[in-house]
Amino acid sequence: MRNINQFDLPSKSYPNDDQVKLIPAFLNKFARSRDVNYLFKFANKISKESSISEKNKKWLEWYSKYQKSCDFVKNENNNLPRISYPNLPICDSVEEIKLLIRNNQFLIIEGETGSGKTTQLPKICVEMGLTSQGLVGVTQPRRIAARSVAERIASEMDSKVGDFVGWQIRFDKKISQKTALKVMTDGLLLSEINRDRLLSDYKVLIIDEAHERSLNIDFLLGYLWKLKEKRPDLKVILSSATVDATKFSNFLRGAPVFKVSGRTFPVEIEYLNDNELDEDMEALVVKSVLKIIKCYGNKDILIFFSTEREIKEAQVALKKLKLNQCEILPLFSRLSINEQNQIFKKSNKRRIILSTNIAETSITVPNIGFVIDTGKVRLSRYSFRNKVQRLPIESISQASANQRAGRCGRIAAGTCFRLYTKADYESFSDFTDPEILRTSLASVILKMLDLRLGKIEEFSFVDRPDSRLISDGYQLLHELRAINSSKKLTRVGRSIVRFPIEPRLAVMLLEASRLKVLDEVLTIVAGLSIQNPIISQKNQESDLSFINQCRHWRSDFISVLNLWNALTRQSEANSRSKFVKFCKRNNISYV
């Protein structure tokens, strides 16, 4: 069979058999992504016509639509922004990566810290003209990463955020009709499947930070693999710094793996001695900071903690040292956008940044020369025996430890102070357990039933979930009356699947509506869906009288409702700035 470079499709009469077989290739190469499925179905419909004259008549209509789609792509190609590349390791391999993208539907990019993969891969796709056929979508696991990555790419392309490059997260976005490169959270892309199961707007999807193996990422990978036959034109790129490349490649049936070296300078690793193990973690952090200030250069310090509470306690301890030449900045997801953006602003003082694992891979904190790694992380784990989702603090994996260390080797040689022994490091697991192996599967099963993706037991996951977790998920949905005895969605199931919350909470809202108490239960469900708004600290010295006034002697749920009503009254009675001060004074998170 000849290829599409050897002839064009006829414009006035139905094509011959060889040309008909190449229609999908023509569509994939020249048409706009959102038109491909329609044109393909239309061509199939024409092929079933028995009358030659009818075929030719409908082919004229088909070709007109096809030409219009191709003209749109050509026009977009003529107006592509000019792309330039900075001096980053991945930029030495631009042509090789282009070839791999062009010749493969799935591609795995394994790039070390500082390689430039997050910002340069989307630009490579733009230079290839892929944005002319559809959106280039880039997913990030966290909202702050989606915003910061979009801002960085837009800056390198001399574009305003919201024009050619935009970002979108839950409840907020900065995109326009001009946007061709969209950075978003993986959860947002997942929600778009409900609206468009073929993801027709997209020509390329870059799943960044794939190593995090969140529930959203694993579900997306399984869904995109299942979608490959219906969307052969869709390019999928998995990108990560630390990824089990062999496992991903096997899952994607031998998808090529391209490795990019990182621009990392030597990083010296210092471990704890055995005689330091009995010291308090906070004391070890303070001692390490003082050691760096006294004995090392003036680069900024990044300290990894497992919880927000640990960050606040360390912040208090470090401020007591009166380090006048240092600026202490916290970094965690509950901070406002302005507070999070403080880490990107230049300062005349040495910065000490106290962060959760948000700074491990999702964002790059500039000017870091030293890392202090506590070796701990808070991970969500579900107990199918107790039916409870817990958040225990655990040791990190070796991959995470290496990622954290790499944060201080991006601009010059750095030093990582690990507040654990080398034996501890060697006992860590290679990679963090995927979320799908440690979470309730009720929401996943519900979404799969709604999307008609078949049984979860037969779905293509990178790691197959535990059968006990699957049984537990089905049991919970049956108890909630979301599925029947045949494991089919019920009316209740079809209603709760539309809520972006845990199934039990969604059922609470349905029942509250029936009982005419929706306003009250909506507040309680919102409170259960977020982190605890009360900021607790060790050695609490601030006034807790306001919070105690809201407590109900029998019910935490009523306490949440009382707190919300009291805060609403304060908000209505005060200006925004006074209300923010009130929240801080009473240990309540404003965000």
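One can find the structure itself at the top, above this paragraph.
Every value quoted in this text rests on a predicted model; they were computed, and no experiment measured them.

(A) Region of the structure containing the environment of I207. Topologically, I207 is positioned in strand β6 (residues 202-208). Owing to a relative accessible area of 0%, I207 belongs among the buried residues under this scheme. For the pair formed by I207 and L391, sequence separation is 184 residues and the distance between their alpha carbons is 26 Å. Contacts of I207, omitting those with residues within four sequence positions, involve T139, L189, I217, L224, I237, L238 and S239.

(B) Structural view of the side chain of R350. Tracing the backbone through its elements, the reader meets R350 in strand β12 (residues 350-355). Although R350 is buried, it forms no salt bridge, and the closest oppositely charged side chain is D300 at an N-O distance of 5.4 Å. Discounting residues that sit within four places of it in the chain, R350 has contacts with I292, I293, G297, N298, K299, D300, I301, Q325, C326, E327 and F370.

(C) View of the sheet that holds strand β18 (residues 414-418). What the six strands build is an open sheet, ordered β9-β18-β13-β10-β12-β11; its pairing is parallel. Taken across any chain shown, the strands that pair with only one partner, and hence form the sheet edges, are β9 (267-270) and β11 (326-331). Pairwise comparison of adjacent strand axes, ignoring direction, gives a mean angle of 20° for this sheet. Alignment of β11 against β12, held across six bridges, turns out to be parallel. Bridged to L329 within β12 is I353.

(D) View of the pairing of β6. The buried fraction of β6 amounts to seven of the seven residues, a majority that puts the element mostly inside the structure. Examined bridge by bridge, β6 and strand β7 (residues 235-240) share five bridges and lie parallel to one another. Residue I206 lies in a different strand from β7, and its bridge partner there is I237. Of the crossover connections in this fold, the one passing from β6 over helix α9 (residues 215-227) to the parallel β7 is right-handed.

(E) Spotlight on the layout of surface pockets. The calculated volume of the second largest pocket comes to roughly 880 Å³. Lining the second largest pocket are 31 residues; nearest its centre among them are T119, R152, T364, V365 and R410. Breaking the lining of the second largest pocket down by element, the ones donating at least two residues are α6 (117-127) and α7 (143-156). Ranked by the residues each element gives to the lining of the second largest pocket, the list is headed by α7, at six residues. Split into classes, the residues belonging to the lining of the second largest pocket amount to 10 nonpolar, 13 polar and eight charged.

(F) Summary view of the packing of helix α5 (residues 94-103) against α6. For the pair α5 and α6, the least separation of the axes is 10 Å and the interaxial angle reads 70°. Here α5 lies roughly perpendicular to α6, going by the angle between them. For the element pair α5 and α6, the recorded crossing hand is right-handed. For the pair α5 and α6, contact is made by V94, I97, K98 and I101 and by L121, I124, C125 and E127, respectively. Considered class by class, the residues forming the contact of α5 with α6 number six nonpolar, no polar and two charged.

(G) Main features of the sheet that holds strand β4 (residues 172-174). With mixed pairing, the eight strands of this open sheet are ordered in space as β4-β3-β5-β2-β6-β7-β1-β8. The open sheet has two free edges, formed respectively by β4 and β8 (257-260), since each of these has just one partner strand. Averaged over all neighbouring strand pairs, the angle between strand axes comes to 20°, with direction disregarded. Where strand β1 (residues 106-111) meets β7, five bridges bridge the pair, whose relative direction is parallel. Directly across from I108, in β7, lies its bridge partner L238. Sitting on the sheet, α7 touches β2 (135-140), β3 (165-169) and β5 (181-185), and the angle it makes with β3 is about 175°. Set on the sheet, α9 makes contact with β1, β6 and β7; between it and β6 the angle comes to about 145°.

(H) View of the pattern of salt bridges. Taken as a whole and assessed by the stated rule, the structure comprises 28 salt bridges. Close ionic contact of R213 with D218 constitutes a salt bridge, the shortest N to O distance being 2.7 Å.

The rules behind these values
Residues numbered from 1 in each chain as written. Predicted model: local features only at pLDDT ≥ 70, side-chain atom pairs only at ≥ 80, totals over all residues. Heavy atoms only, no water. Helix = DSSP H or I, 4+ residues; strand = E, 2+ residues; numbered from the N terminus. Buried < 20%, exposed > 50% of the residue type's maximum accessible area, 1.4 Å probe, protein only. Contact = heavy atoms within 4.5 Å. Lys, Arg positive; Asp, Glu negative; His and termini not counted. Salt bridge = Lys/Arg side-chain N within 4 Å of Asp/Glu carboxyl O. Pairing = 2+ DSSP bridges. Axes fitted to C-alpha atoms, helices over the stretch in contact; angles between N-to-C directions. Right-handed = clockwise from strand over helix to strand, strands pointing away. 1 Å grid on protein atoms, 1.4 Å probe; cavity = no way out; pocket = protein on both sides within 12 Å on 5 of 7 lines; lining within 4 Å. Points joined across faces, edges and corners; volume = space filled by probe spheres on them. Nonpolar A, V, L, I, M, F, W, Y, C, P; charged D, E, K, R; others polar. Parallel < 35°, antiparallel > 145°, perpendicular 65-115°, else oblique. Left-handed = near helix turned anticlockwise from the far one by under 90°.

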